Each structure stands twice: as structure tokens, then as C-alpha cells.
Amino acid sequence: MNNKFIRIYEDIAGRIRSGDIEAGSLLQSELDLSERYQTSRETIRKALKMLYEEGYIQKIQGKGSIVLDIRKIDFPVSGLISFKELAQKMGHRAQTVVKLFEEQVVDQTLSQKTSFGLNEQLWQINRVRKVDGEHVILDKDYISQRLIPGLNREICQDSIYEYVEQKLGLSISYAKKEILVEEPTDEDRHLLDLEGFHNVVVVRSQVYLEDTSQFQYTESRHRPDKFIFVDFARRK
């Protein structure tokens, strides 16, 4: 089987990751690439299709392929988006690893932290998010068992929000968020590839259903070099 297009994809992807091909630049034309790699334009098209699907380039009609900035990932501050939805924009560059899934009863300390009531039954889930093979996010979730029954490790591996909306038929409505910069904990250092960074960006959220019931408290801990937190603001 001819896997040359995969080798071409891997070469170009590697050059984009290293910065040899700069973000925002125009990738060489199909003709130029076919000459560079001494192969057919059809093979080049397959490699370009793979680069597009994996989030390395964006095809612009009449211009060619624009190289995307993959070093940082736009993460909406005010929007509510699941990691699976974010990952779909990056192709197979992003993965989830479930590190913890267990039941938890709310005590005084946990109640103060999460705003859930005393003795409420929760699901506790810790998930590490990998981007380009590096562990860059630690998501720590507490979810109401009463409001979100039937949760399991497989659902957490895929998408909790998809399960809530599509399987349970509930509407996720809004969230209250705070963003802080903190020193890494021992858990952060153990689970994340911090690469010498001495801070993590922490997003704490209380997430509510349409009837204003809080169903989730989440603490999302990010390696700071991988993310741009974006928002849209309008002066009133």
C-alpha cells in the first residue's frame, strides 16, 4: 500500500509544529509540493486533506492553504464548549484520558468549594487532556448524581455534555466562571507535562441547567503556553 502521503503529512506537520513553516503563511501550491516531494499531485492532495482534517491548515478558495497557529488553542471564556467539541477542530491531535471516576458524598469542605449541598451524592471525575502528545489540561469535575444519573467512565472518556444533552435530553444553560493563575500542585506536576512552567491557569466553573439547577462544578487547570482565552465584548 502506498503510504507516501502519510510521510508527506508527517513531514509538513512536523515543520509546522517546529515553526519552520510559520503560522499565517501560505503553504506551497500542490504543484510546488509535488515537485518538492517528487510525487503526484493526487498524493499531495491526500496529504493536504489529512493536514486539513488534523487542524494544521485552512483551505481558502482562490488562495490555497493557510497554515494555522497550532501552538496556542483558542479557549472561549464566556462560551460553554466541551473538550470534545474543541478537539473536533483539531482532529486527532487531542485526546482524553480518564484518571479518576468515583462516587463522592459532599462534606463541609467540598460544599464550600463546589456550592453543592451537604450530603449530596456526586460523581468525581479527573481527566487529563492531551494535545500533540503532551498532557496540558487537568479537568477536575464534580457532577450531581441526582441530576445526571447513569454516568460512567466510558461517557466521561467521550463527552459528558453530549450525554447530558443528547441522552438525558437536558439543556445546559449557563455558567459562572473565575480565572486565576496559581502555582502548580503536586497533582499538577505529576499529571501534566509542565516543561518547567511555574504557574498554571485555573478556570473554575459552576454550570447550570435551564431550570437554574447547578449540575456541575469544574476546575480546569491549564499549562499556560498552550491556550489563548478569548472573548467578545461590546461596549454598552
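Residues numbered from 1 in each chain as written. Predicted model: local features only at pLDDT ≥ 70, side-chain atom pairs only at ≥ 80, totals over all residues. Heavy atoms only, no water.

> Any chance you could explain the sheet that holds strand β5 (residues 121-131) here in plain terms?
Backbone hydrogen bonds are what pair the strands of a sheet, in a parallel or an antiparallel way. Reading across from one edge, β4-β5-β6-β9-β8-β7 is the order of the six strands in this open sheet, with antiparallel pairing throughout. The open sheet is flanked by β4 (94-105) and β7 (172-182), the only strands paired with a single partner. Taken pair by pair, the neighbouring strands of this sheet meet at an average axis angle of 15°, ignoring direction. Where β4 meets β5, eleven bridges bridge the pair, whose relative direction is antiparallel. Along β5, the bridge assignment pairs Thr96 with Arg129. (Pairing = 2+ DSSP bridges. Helix = DSSP H or I, 4+ residues; strand = E, 2+ residues; numbered from the N terminus. Axes fitted to C-alpha atoms, helices over the stretch in contact; angles between N-to-C directions.)

> Explain the environment of Val128 here, please?
Of note, Val128 is situated in strand β5. A relative accessible area of 0% means that Val128 is categorised as buried. In the structure, Val128 is positioned 31 residues away from Val97 in sequence and 5.2 Å away in space, judged by C-alpha atoms. Excluding anything up to four places from it in sequence, Val128 contacts Gln95, Thr96, Val97, Lys99, His135, Ile137, Leu138 and Leu191. (Buried < 20%, exposed > 50% of the residue type's maximum accessible area, 1.4 Å probe, protein only. Contact = heavy atoms within 4.5 Å.)

> Which parts of the structure should I look at to understand the nonpolar core?
Side chains of a nonpolar character, in soluble globular proteins, are inclined to be buried together. Core analysis: the biggest nonpolar cluster contains 18 residues, and Ile12, Ile16, Leu27, Leu51 and Tyr56 have the highest contact counts within it. When residues of this core are traced back to their parent elements, those giving at least two are α1 (4-18) and α3 (41-53). Among the elements that take part in this core, α1 stands out by supplying six residues, more than any other. Setting aside residues no more than four positions away along its own chain, Tyr56 makes contact with Tyr9, Ala13, Ile16, Arg17, Leu51, Ile66, Val67, Leu68, Ile70, Arg93 and Asp132. One finds Leu151, Tyr163, Ile172 and Val207 within the second-largest nonpolar core, a separate group that totals 17 residues. (Core = buried A, V, L, I, M, F, W, Y, C linked by side-chain atoms within 4.5 Å.)

> Help me out: how do you make sense of α1 in this one?
Each turn of an α-helix holds 3.6 residues, which means side chains three or four residues apart point in the same direction. The terminal C-alpha atoms of α1 lie 21 Å apart, and with 15 residues this matches the ideal 21 Å at 1.5 Å per residue to within 8%. Within the span of α1, buried status applies to Phe5, Ile8, Tyr9, Ile12, Ala13, Arg15 and Ile16. The arc enclosing the buried residues of α1, seen along the axis, measures out at 160°, which places them on a common side. Away from its buried face by more than 90 degrees, α1 exposes Arg7 and Ser18. Buried residues in α1 make contact with α2 (30-36), α3, β1 (57-60) and β2 (64-67). Gly19 lies just past α1 and shows a positive phi near 90°. (Expected span 1.5 Å × (residues − 1). Arc of directions from axis to C-beta.)

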